[in-house]
Amino acid sequence: MAFGDRDFSIQVTTERRAYTAGEPLELRCTIEAQKVPERFFSVSWVFSSSPVAVVGPDAVPNLGAGYLEREAAGMLTVRKESTSVHLLRLQRLLPDDAGKYICRVTEREKTLTGDFIDRSKRSRNVQITVTPLKSNVTVSLSSNSSFDEGDPVILTCSVQSVWGSLSVSWQWTLPSSGPSSEGEQVPPGPEAVELASVARDGTVRLGPTYLERGSYGEVRATRERADTYTLSLYNAYPTDAGQYRCIVTEWIRTGPEPNSTWQHLGEQSAAKDISVKSVESSFFVSASSRTPSVTFGDSFDLQCIVKPRHNPSVPATVTWRFRPAESRGPPRDLVTFTRTGTLRWGQQPPGLGTRTTVDRSDTNTNFRLSVTRAGRHEAGTYHCAATLYRHHYDGTWTEVANRTSNLLGISVLQPVSKLRVHKTNQSLQLLEDGRVRLNCSVASQTSQDSQYAVQWYARRARTEADPRAAEAPVLEPGVGVGVGVAAAGDLDELLLHINRSGAFEYGAYAEEERLRSRLQAERPTPRQHSLTLHRAETSDSATYYCLVEEWLTDPDGHWYRVAREASGFTHVLVNRPEARLQVEEAESNVTVEESGSIRLGCSIPTQSARDSRFSVSWYVASSDDSVAPGDHECVFSIGHDAVFGNGNCSPTEPPGPESRLQFERTTSDLYTLTIQKARAADAGSYYCHVEEWLLNPRGAWYRLTTNNSGITIVNVLHKASSLQAVVCSNDSLFYFVFFYPFPIFGMLLIAVLLVRYKSRSHSKSQEGKNGAPLLWIKEPHLSYSPTCLDPPALSLHPGSVE
C-alpha cells in the first residue's frame, strides 16, 4: 500500500461542551482511513495531560490511575464501538471533570525489513465545562408574632422547589432589630442557640439547652411532609421571646454505589421574631446611690428597690453584682438574698468581704449594700438582679421572671495631687572628659508618706529613622514636661529609672551609648535627686531632664501613682578641643645632583592639645600640577600609631631594606624625610600633609583636624652635564651666560683694537728709532655654541714673532 493510502485522520465528537454536574458525557473518537480492519491502531484518551485509558488493537482498555474505581462502579466506560469508532463515557460528571480531552491514535506498521514503526496523531482539544449543581429551594416560616405566657408556640417551615433530600435546623437568638416578614432572608443574630434539628432520614435531635425541657414534652420538632416541618414550644415562657430561624439544607447523593457520598447543594433559611408577654410584667428593679464618686478611704451606700406588684407573695431572690473598673468580663456576684431568707456570699475582690455590710427591709423591697474605706478595687459598676420563682406540683421551682436594675457607676478617685518639681532651665558647656551634674528637686508633695520614682531622660535630635520605639514618657493630662514637649524631630531616650524602693534600671540608650559605667545617681534627701555623668563625650550633647512619679498606698495596702511631673531642661554641649594645628608653610627650592640625597622637613610649631599625635604624609606633584591633597602621588606615610604606611595614603614605594626613604623624628614637632640616591623622576613639588589625632574618653582615637605645609621645589641635576643642566634649567642664568656677554665682548673687542692700534703706532715709532722688530698680536678668538650643549668660551691667544 502506498504511503498516501496509509495516511489517516482523527475526529472527536460530542453532543455539547457545557454540562451540569451529574449529567453523562460521551466522547467518540473516529479514525478516518482506508482498510481500517486490516490495520493496527491503538487509541489513547488523555484528560488535561493525564492518561485516562489506552485501547490497543486487541480492544482491551488499560485505565489510568484514578479511573479504576470509577470504571468498577460503572461510572466510566471505555470501549470500541466499531473498527473505526472508540467511545469514552463518564456516567456522572463531577466539577473536577471540567478540562481538555484529547484522543491520540498510534498505528504500528511492519516494514519490509521486519521492523515495526509507530505513527501517531492526536485530535484537537475538546474543552468540556462542568457547572456545579445549585440549590433553588425557597423557605418560608409562618406563625403568630405575639403570644401570652403559657400559650403553645407553633412555627411551620415550608420548603418549595425541592430537588434532593432535606435536613432542617431550628435556632433561636435574641430579637432582631426589626421585624421579619414571611420568607424574608434575615441573617442570624449573635449567640444563636440550637433548638432542634431534623436529619435527612427524619431523625430528630434536640439542642443541649432544650434537652431537659424536651424530656417533659414541651419542645417538639416534626416533619409533617417532605416539604413541611414544624416546631412546637408548649407552655411558653417570656424567655422564649426572640428570633426563630428555620435553616434548610439540600443534599444530593454522588458517587458510585455503595460508596456514594452526600454532597451539599445549598442552604436557605427564614426567620421570624416572636414576643411572649410575661405574667409578671409589672415586676421591676431599680438601684440608686447618693455618692457616685468618693475618694480613697471614704464610704458609700447602694440601695436596690424591688416592687413585685403583680403577686407579692411570690418569693424573690436578689443578688448584688459587681464588675471592677479594670475588668471587661461579666459581672461577679457579691451577695445574694435567697428566696428562703438566707444570705449567700459570692466572689469578691480583696477588701469587699471585710469592709462590706448588707441588710434588707421587713417588706423585702429594699436591699442595701454598704462599703467602708473604699479603695481602688471597689471602683466599678454595681447592679442588682431579682428573680421571681413559681413552685410546681412536682416540688420543683420554676423561674417566673427576672429583672436587672440599672447600672451604678462608682468612682473611687485618688487624692488631688500637689506634686510640683522645680523647672529651672540651664545650659552647660564643657570639654570632653569633663563631668556633668544634673539636679532634680521636688518643690511640694501631696502627702508626707509620698515616695518617689525618678526617670532620667536625654532628648536628642533624630538623625534618621529609629527602628526602636521611643521610650519617651506618655504624660497624663495636666502634667508638664519642662517648658515644652519634644519636637517632631526629637527623640527622648531613657537613661536611668529609679523606682520608689531605690532599685536601678538602665534604659536601652544607656546600654548602647556605654553610659552605664559613667552614670552616678544620688539622693541627698528624700526630695533631692542628682545624676552625674563622668568622662563626658561629644555624643553626650543633649537636653536632659528628670521625670518624677509620686506614689502612695491605697486602703488595700497597694501602691498607686498619684502624679508625675517633669523638671526643667538642662542643655548640655560637650565640645572637642579647639583646632590650633599649624604646619610650617614656608616655600623653598632644593637642587641636588643625581644620586644625591633630598632632605624634606615638616615642622609643627603649634598643636591643639598636649597629648596630640600626628599622622604625617609626604606628597609630590609635577610642576604643572596644582597642589591639592588627594590628587598627587604619595611618597611616604606614617600613622598616628607610629606605623609606617598607616597614614591617610599608600606610598608607591614599598618599605624594606632596599627602600631609598629614610624617616627621622628629631623632636616631637619636627619630622624629616630623606630620599637617597635621587633620580631625575624625583624632581617635583613636595609638601607634607599632617593629621592631628586625639584620644576620646572611650579610649578611641579620632582625627581632630588636618593641615598642609609649604611647597618644596626639588630639582635633580644630571651628573654628566651638571653645568649645562644648571644653565638650561634656570632662565636667568641662561640669559646671563649666552646673551648678556655679547655687548661686553663687543666693547672689550673695541677696546683691544684701540689699544693695539695705539701700541702699533708707538712701536713703529720706536722701531724706527731703535731698529728692533715688533711683536705681532693676533685677534682674540671667540667660540660660541648657539645650543645649550656647551657654554660660550672666550680665549685670547698671544701672537707669534714673525
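Residues numbered from 1 in each chain as written. Predicted model: local features only at pLDDT ≥ 70, side-chain atom pairs only at ≥ 80, totals over all residues. Heavy atoms only, no water.

Let's talk about the sheet that holds strand β20 (residues 242-254)
A sheet is described by the order of its strands in space; here six strands give the open sequence β13-β21-β20-β15-β16-β17, paired in mixed fashion. Strands with a single pairing partner mark the edges of an open sheet, and in this sheet they are β13 (146-148) and β17 (204-206). Each adjacent strand pair in this sheet contributes to an overall mean axis angle of 25 degrees, direction not counted. Two strands pair when backbone bridges link them, and strand β16 (residues 193-198) and β17 are joined in this way by three bridges, in the antiparallel orientation. (Pairing = 2+ DSSP bridges. Helix = DSSP H or I, 4+ residues; strand = E, 2+ residues; numbered from the N terminus. Axes fitted to C-alpha atoms, helices over the stretch in contact; angles between N-to-C directions.)

Notes on the state of the cysteines
Inspection of the entire model under this criterion finds five disulfides. With its sulfur 2.0 Å from that of its partner, Cys157 forms a disulfide with Cys246. Measuring handedness by torsion sign, the sulfur bridge of Cys157 and Cys246 sits at about -80 degrees and is left-handed. Of this pair, Cys157 sits in strand β14 (residues 153-160) while Cys246 is found in strand β20, placing the two residues 89 residues apart along the sequence. For Cys246, a relative accessible area of 0% puts it in the buried group. In this model, Cys602 is linked to Cys688 through a disulfide, with the two sulfur atoms separated by 2.1 Å. When the S-S torsion is 70 degrees, as for the bridge of Cys602 with Cys688, the disulfide is right-handed. (Disulfide = S-S within 2.5 Å. Buried < 20%, exposed > 50% of the residue type's maximum accessible area, 1.4 Å probe, protein only.)

Structural notes on the packing of aromatic side chains
What the rule picks out here adds up to 15 aromatic pairs. When the centroid spacing of 4.8 Å and the interplanar angle of 90 degrees are considered together, the rings of Phe296 and Tyr560 count as edge-to-face. In this pair, Phe296 is assigned in the loop between β23 (293-295) and β24 (300-307) and Tyr560 in strand β42 (residues 559-566), connecting sequence segments 264 residues apart. Neither residue differs from the other here; Phe296 and Tyr560 are each classed as buried. Through a chain of ring-to-ring contacts, three or more aromatic side chains come together here, namely Trp618, Phe636, Phe644, Phe663 and Tyr671. (Phe/Tyr/Trp six-rings, centres within 6.5 Å; stacked < 30°, edge-to-face > 60°.)

Structural notes on the nonpolar core
If you look at the biggest cluster of nonpolar residues, it comprises 60 residues, and the most contacted ones within it are Trp320, Tyr382, Trp456 and Leu495. Broken down by element, this core gets its largest block of residues, five residues, from strand β41 (residues 542-553). Contact partners of Trp456, with chain neighbours within four places excluded, come to Leu438, Asn439, Cys440, Glu493, Leu494, Leu495, Leu496, His529, Ser530, Leu531, Tyr545 and Cys546. (Core = buried A, V, L, I, M, F, W, Y, C linked by side-chain atoms within 4.5 Å. Contact = heavy atoms within 4.5 Å.)

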